[in-house]
Amino acid sequence: MIHLIDTHCHLTGDRFSSDRDALIQALPDQGVWRAITIGTGLADAHEVAALVARFPERLAGSAGLDPHSCHEAGDEFAHQLAQLETLLQQHPFVALGEIGLEYHHRLNPADQQITQFEAQLDLAVRRDLPVVIHVREGRAGDGRDAHADTIDVLTRNPGNRGVIHSFAGTPSHARAYLDLGWHLSFNGMLSYKGNDLLREAARLTPADRLLVETDAPYLPPMPHRGKRCDPSMVALTSNLLAELRGERDDDVRAWTTRNACLLFRLELPPEWAAAKPKATQW
Ligand SMILES: [Zn+2]
């Protein structure tokens, strides 16, 4: 069986303080080759760098000023952006993010969030890093559509590449991101009742743009809803994707692992080269 990459989790969080090391060491036995742990803000990014340095085979890290961190930064945003650039130079982060637009919680006004998002997209181009994007709709956006705004931003910034993480948009949002060359990453939300449009989006995503993640400790797939999510649960999402798309489990594993390794420049698990996935478009 081909190991998976959990492309988005938050292993520095308090909810992993009692069993973090054991959980990371057990990942290969749980079918996970590597987990990308995401730093939200500068303090967390330092913790991510330290954790990745302890488990270089099992983890990779990303760092960015997410909308909450941008809001907390206040007038210090430009200063924090400079510090982020230094951090990205000093440590082997594989991506910039998560960054993006958060219209569910009342944070900075939409226009300011967009400016701060674009400043970090420029930084990603300078550092030649893929970007992990967070998009959340909500009433705090004053009637604006977070996906439509993100699609505008990405259209204006064609030099960036990366992933819309925890994708929760409609099929038409999915098509717009795919047309711009972005990857879509699916997680436990795919298994939640009522998310039929999300499942439709997962069906229409080409195999070479598909990624899987957990967003652990959040959003556990069914039947674990309400519990703490951990990276091993990414297998449930991968299996569900195969079922929804009418594909073999191993083909979805092969594609998503290949896509993650190409996008984030990680080495493929050793069994990948030996596998002969039943697909014609490699
Ligand atoms: Zn996240």
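Each value, and the rule that gives it
- Residues numbered from 1 in each chain as written.
- Predicted model: local features only at pLDDT ≥ 70, side-chain atom pairs only at ≥ 80, totals over all residues.
- Heavy atoms only, no water.
- Helix = DSSP H or I, 4+ residues; strand = E, 2+ residues; numbered from the N terminus.
- Buried < 20%, exposed > 50% of the residue type's maximum accessible area, 1.4 Å probe, protein only.
- Salt bridge = Lys/Arg side-chain N within 4 Å of Asp/Glu carboxyl O.
- Pairing = 2+ DSSP bridges.
- Right-handed = clockwise from strand over helix to strand, strands pointing away.
- 1 Å grid on protein atoms, 1.4 Å probe; cavity = no way out; pocket = protein on both sides within 12 Å on 5 of 7 lines; lining within 4 Å.
- Points joined across faces, edges and corners; volume = space filled by probe spheres on them.
- Axes fitted to C-alpha atoms, helices over the stretch in contact; angles between N-to-C directions.
- Parallel < 35°, antiparallel > 145°, perpendicular 65-115°, else oblique.
- Contact = heavy atoms within 4.5 Å.

## So, unusual backbone geometry
- Of note, the amide linkage connecting G97 to E98 takes the cis form, showing an omega dihedral of 5 degrees.
- Tracing the chain through its elements places E98 in strand β4 (residues 95–102).
- That bond from A216 to P217 is cis: its omega, 10 degrees, falls within 30 degrees of zero.
- Positive phi is not limited to glycine here, since D128 has a value of about 55 degrees.
- Mapped onto the elements, D128 comes out in the loop between α5 (110–127) and β5 (131–136).
- Look at D142: it is not a glycine, yet its phi comes out positive at around 55 degrees.
- Mapped onto the elements, D142 comes out in the loop between β5 and α6 (146–156).
- Accessibility expressed as a relative area gives 60% for D142, which makes it exposed.

## As for the pattern of salt bridges
- Within the structure shown, the criterion is met by 13 salt bridges.
- In this structure, E118 engages R156 in a salt bridge whose closest nitrogen and oxygen atoms are separated by 3.2 Å. Here the residue E118 occupies a position in helix α5, and R156 occupies one in helix α6, the gap between them amounting to 38 residues.
- Notably, a salt bridge pairs E247 with R245, separated by 3.0 Å at the nearest N-O pair.
- Under the relative-accessibility criterion, R245 is labelled buried at 15%.
- The network of salt bridges with common partners includes D111, R144 and D149.

## Observations concerning the pairing of β5
- Counting buried residues in β5 gives five out of six residues, a clear majority hidden from the surface.
- With six bridges connecting them, β4 and β5 associate as parallel partners. For L101, the partnering residue across the bridge sits in β5 and is V135.
- With respect to chirality, the unit in which β4 leads through α5 into the neighbouring parallel β5 is right-handed.
- Where β5 meets strand β6 (residues 162–164), three bridges bridge the pair, whose relative direction is parallel. Within the sheet, the bridge partner assigned to V132 lies in β6 and is V163.
- Each parallel crossover has a hand, and the one from β5 via α6 to β6 is right-handed.

## Structural notes on the layout of surface pockets
- Reported here for the largest pocket is a volume of approximately 720 Å³.
- E98, H134, R136, D215 and Y218 are, among the 26 residues lining the largest pocket, the residues nearest its centre.
- Listing elements by their share of the lining of the largest pocket, those giving two or more residues are α3 (67–73), β4 and β5.
- At three residues, β5 tops the list of elements feeding residues into the lining of the largest pocket.

## Here's the deal with the packing of α6 against helix α7 (residues 171–179)
- Here α6 crosses α7 at 10 degrees, and the two axes come no closer than 10 Å. The orientation of α6 relative to α7 falls into the category roughly parallel. Facing α6, whose interface residues are H147, T150, I151 and L154, α7 presents H173, A176 and Y177.

## Looking at the pairing of strand β7 (residues 183–186)
- Side chains of β7 alternate between two faces, with H183 and S185 and L184 and F186 buried alike.
- Taking the sense of rotation as the criterion, the β-α-β connection linking β6, α7 and β7 turns out right-handed.
- Relative to strand β8 (residues 210–212), β7 runs parallel, the two sharing three bridges. For L184, the partnering residue across the bridge sits in β8 and is L210.
- With respect to chirality, the unit in which β7 leads through helix α8 (residues 196–204) into the neighbouring parallel β8 is right-handed.

All we've got here are geometric facts, nothing functional implied.
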